[in-house]
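# An overview of the molecular structure
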Amino acid sequence: MKRDIYLMAAVTIFIFAAYLWPWYNSVKPTLFGLPFFYWWVIVMYVVGSVLLWVYASVSGERGLSRSETQGREGK
Amino acid sequence: MDQLGQLEMFSVFVVLFAIFVVLGFYGARFRRGNLNDLGDWALAGRKLGSFLTFFLQGADWFTAYSILAIPSSVFVSGAFGFFGVAYQTMVFAFAMIFVPTLWIRARERGYITASDFVKDRFRSTTLSIFLAVVGIVAVLPYMALQITGLQAVLTAMLYGTVGASHVEEIALIIAFIILAAFTFTSGLRGATLGAVMKDVLVWIALLSIVAVIVPSVGGFGHAFQSLPAKYSTINPSLSLAFSTSMLGVVISAYLWPHNINASLGASSAGRLKRGFALAPLYAVPLALADLMGALVLKVPSALSFLSNFPTSYRGILVIPSLLITKFPPWFAGLALLGVFIGGLVPAAVMAIAQGNLLARNIVKELRPSTSEKGVTSIAKWASAAFKFLALAFVFTVPASYALQFYLVGAILIIQLMPAVFLGLYSDWFKSQALIAGTALSIAAGVYMVLSVNHFKQITTTLYPTPLGSIYIGVIALAINLLVTVVVSAAIPRRKVA
C-alpha cells in the first residue's frame, strides 16, 4: 500500500516534470529531422508507458486508497 | 480522383460500414447477458478483459478529436496545436491515480456512474443530481465534435458529385439513425466490437499516411526547415497557455461520464491498469499523423483540394484530403471509413453514458418508483435522443477550430474534479460547498469563454492574464477549489454517528 503510493508518486512526478512545462521548446537537437519539441513528446509516450506498466505490475489489483473491505472510513 | 475512382472509394466505404453495423448487432449477442439490466447494458456486465478494455479505452479516448481536430489545430495554429496530443502520457498517469481506486469502490458498492459514488460519499442526492446534469451537458459539445468529424469525412468523399450538400446531409442522418439503433440494441458490448474494427482501421490509416506523406515531402527535416518557424516550436509567450491547456485536458480526461463508464466495464482493477499503461503507445502513430497538419503545406495536390473549401473549413479536411489525393481510391475508402467510425463509436459510447446518468441519477432519484426495466428503457431512449441534441452545438464552433468543442465541454466536466477525484481520498468537503463551487466556476467559465470570443463563434478558450494566456477551464477549476474549501470550512461540522 505505502510502497504503491511512493511508486505512483515517483512515476507521476517524473512524467509531469518531463513535459508539463514546455522547456523542450526548441528545434535542436533534431531526431530523424523532427524538432526536439515533437520527438521529446513522442519518446515520452514510450518511456511513460513502460513506467506505468511497472506500477501496474507492482500494484496488481490494489487501489490507492483504503477500500471498503479493508476498513471503512466515515459512517 | 475521377468519377470511377470516387465510386470505387464510396463502394469500399459502404461495404465496410455494413460490416461495422453487423458487428454492432452481433455485439448484442456477444457474451450474452441480461440487456434489460442497466449495469449489464452499460458496463457490458463487467466482462471486458485486458484486450477489449484496451480497445474500448482507445475507442473512447482517441476520437475524431485526435484524428481530425488536432491536425486541423496544427494546420491553423502551428506547433501550439500539438498540445492536443502531447499530454497523452500525463492523461494516463493521472487516470492511474484514481480510476482503478474508483473501480474497486464501484465493484464493492455497485456504482455505475461518478454520480453514484458522489451520492454515497457525500450523502447528498442534490449534489449527485446536479453533477449528473453537468455531465450530460458537458458531453454535448464533445459529441458535436464527433458529428463535425463525421460530416467532414462525408464532405471530402462526396465533393464534386451532383448536389453534394444534400447527399452529405442525408448520409449524416442515415449514419445517425443506424448509430442510434446500434447503441439502443447492443449497449457497450456492441460499441466494443465496433471499437476493435475502428482501432484496426484507424491504425492502418494513420501509419499509411505517415509512411507515404513523410517521404513524399523529402522527410521531416526537409519539410520543417522550409516551413515557417511557428510549425517547429511554439512562441515562448504561449508557454503558460500550452501548459495550462494540457493540464486542463489531463484533469478532465477521466471525468467524462463515458470514460468512467468504459473504465468501470473492465473485468478487474489490474486489467484496467494495464490498459492505462499501454494506452500512451496508441499516441505514437497519432502524434506523427497529427504533424500532417504542418506537412500538408508541402503537398500541392492536397492543398489544391483544400482550396475548394472556405478557410474556416480547410483544417478539419487535412487528413481526408491527403487520403483522397495521395492514395488509391479503395484505400481512401477503407481509411476514411476508419476515420468515420472513429467518430461514430465514441459518439455511441458518450450517448450511452448520458442515458445512464439521466435514467439512473436523475429520473430514478426524482421518481424512485420507476422499475429497473423502466430505468433501462429511459437510458436507452435518452442515449438515442442526446445524439440529436448535440447537433445543435455543431454551429457554435467553426470546423477548423473543432478542438474548441472539447475545450468548451472540458470547462464544465473538469469541475467534477473536487467531488470525484479528491472525494476518493477525503470526505472533508461539504456537499453544499461542492454545489456552490461547481455552480460558480461553471458560470464564471462560461462567461469567460463567451466574452473572449465577443459572444460570437468560439475560436479560443484562452483567457488573457498579466502572466500570459491561461486555459479558462483551469481558471474556473481554481475558483471551484477556492469556493469549495472556504465554504466547507465555514459550515459547522455535524457529528457523524
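Residues numbered from 1 in each chain as written. Chains lettered and ligands numbered in written order. Predicted model: local features only at pLDDT ≥ 70, side-chain atom pairs only at ≥ 80, totals over all residues. Heavy atoms only, no water.

## Describing the overall build of chain B
Stated precisely, the cut-off is as follows: Helix numbering and strand numbering both begin at the N terminus, where a helix is a DSSP run of H or I of at least 4 residues and a strand a DSSP run of E of at least 2. Two residues qualify as a contact provided that any one of their heavy atoms is within 4.5 Å of a heavy atom in the partner residue. Each accessible area value is a Shrake-Rupley result obtained with a 1.4 Å probe; residue values ignore everything except the protein chains displayed when judging cover.
On a plain count of helices and strands, chain B comes out with 23 helices and two strands. At a minimum sequence separation of 6, the contacts of chain B that also span at least 24 residues come to 84%. Carbon and sulfur atoms make up 69% of the accessible area of chain B, which totals about 16400 Å².

## Some words on helix α2 (residues 36–59) of chain A
For the α-helix, the turn length of 3.6 residues means that residues three or four positions removed from each other point alike. Here is the rule: Multiplying 1.5 Å by the helix residue count minus one yields the expected span of that helix.
Across its 24 residues, α2 of chain A extends 34 Å between first and last C-alpha, which sits within 8% of the 34 Å expected from 1.5 Å per residue. Phi turns positive one or two residues past the end of α2 of chain A, at Gly60 of chain A, with a value near 55°.

## Describing the pattern of salt bridges
Residues and elements named next belong to chain B. Note the following rule: Any Lys or Arg side-chain nitrogen located within 4 Å of an Asp or Glu carboxyl oxygen qualifies as a salt bridge. A simple rule labels every residue: compare its accessible area, found with a 1.4 Å probe on the protein chains alone, to the largest value its type can have, and call it buried under 20%, exposed over 50%, or partly exposed in between.
In the structure shown here, the tally under the stated rule is five salt bridges over all chains. Residues Asp120 and Arg109 are paired through a salt bridge, measuring 2.9 Å at the closest nitrogen-oxygen approach. You can see Asp120 sitting in helix α7 (residues 114–122) and its partner Arg109 sitting in helix α6 (residues 88–109), a full 11 residues away along the chain. Note that Arg360 is salt-bridged to Asp116, the shortest N-O span being 2.6 Å. Of the two residues, Arg360 is situated in helix α18 (residues 329–366) and Asp116 in helix α7; the sequence distance between them amounts to 244 residues. On the basis of relative accessibility, which here comes to 9%, the residue Asp116 falls in the buried class.

## Comments concerning the interface of chain B and chain A
Frequently, the measure chosen for interface size is the accessible area removed from exposure when the parts meet. Rules: Two parts placed together each lose some accessible area; with a 1.4 Å probe, that loss summed over both constitutes the buried area. Polar contacts here mean pairs of N or O atoms no more than 3.5 Å apart (in protein, one a potential hydrogen donor and the other a potential acceptor; neighbouring residues in sequence count only if both atoms are side-chain atoms).
Facing 54 residues of chain B, the contacting portion of chain A comprises 44 residues. Taken over both partners, the interface formed by chain B and chain A buries close to 4100 Å², and the fraction arising from carbon and sulfur atoms is 68%. For the chain B face of the interface with chain A, the top three residues by lost area are Thr89, Met90 and Lys273 of chain B, together amounting to 14%. Here chain B is connected to chain A by zero salt bridges. At the boundary of chain B with chain A, the tally comes to 15 residue pairs in polar contact (both at pLDDT 80 or more).

## Digging into the confidence of the model for chain A
Heads up, the condition is: Per-residue confidence from the prediction method is given by pLDDT, with values spanning 0 to 100.
Taken residue by residue, chain A gives an average pLDDT of 84. The fraction at 70 or more is 87%. Contacts for the low-pLDDT stretch residues 68–75 of chain A, under 50 throughout, to residues beyond four places or in other chains number 16 contacts.

## Re the environment of Leu337 of chain B
Residue and element names in this part refer to chain B. Mapping Leu337 onto the fold places it in helix α18. A C-alpha to C-alpha distance of 8.5 Å links Leu337 and Val12, two positions 325 residues apart in sequence. Setting aside anything within four residues of it in sequence, one finds Leu337 in contact with Phe13, Leu16, Phe17, Met197 and Leu201.

## Quick word on unusual backbone geometry
Cis rather than trans, the peptide bond between Lys28 of chain A and Pro29 of chain A has omega equal to 0°. Here Pro29 of chain A lies in the loop between α1 (2–19) and α2. The phi angle at Arg123 of chain B is positive, at roughly 50°, despite the residue not being glycine. Of note, Arg123 of chain B is situated in the loop between α7 and α8 (125–158). Here His454 of chain B, not a glycine, exhibits a phi torsion of approximately 50°, which is positive.

## Focus on helix α19 (residues 372–391) of chain B
Across its 20 residues, α19 of chain B extends 30 Å between first and last C-alpha, which sits within 8% of the 28 Å expected from 1.5 Å per residue. For α19 of chain B, the complete set of buried residues consists of Val375, Thr376, Ala379, Lys380, Ala382, Ser383, Ala384, Phe386, Lys387 and Ala390 of chain B.

## Let's talk about the nonpolar core
Applicable threshold: The definition of a nonpolar core used throughout is a set of buried Ala, Val, Leu, Ile, Met, Phe, Trp, Tyr and Cys residues joined through side-chain atoms within 4.5 Å.
In this structure, Trp61, Tyr87, Tyr254, Met292 and Tyr406 of chain B are the most contacted members of the largest nonpolar core, which totals 192 residues. With 18 residues, α8 of chain B is the single largest residue contributor to this core. Sequence-distant contacts of Tyr87 of chain B, that is, excluding residues within four places in its chain, are made with Tyr19 of chain A together with Trp61, Tyr65, Met246, Val249 and Val250 of chain B. In this structure, Ile129, Ala132, Leu357 and Phe386 of chain B belong to the second largest nonpolar core, which totals seven residues.

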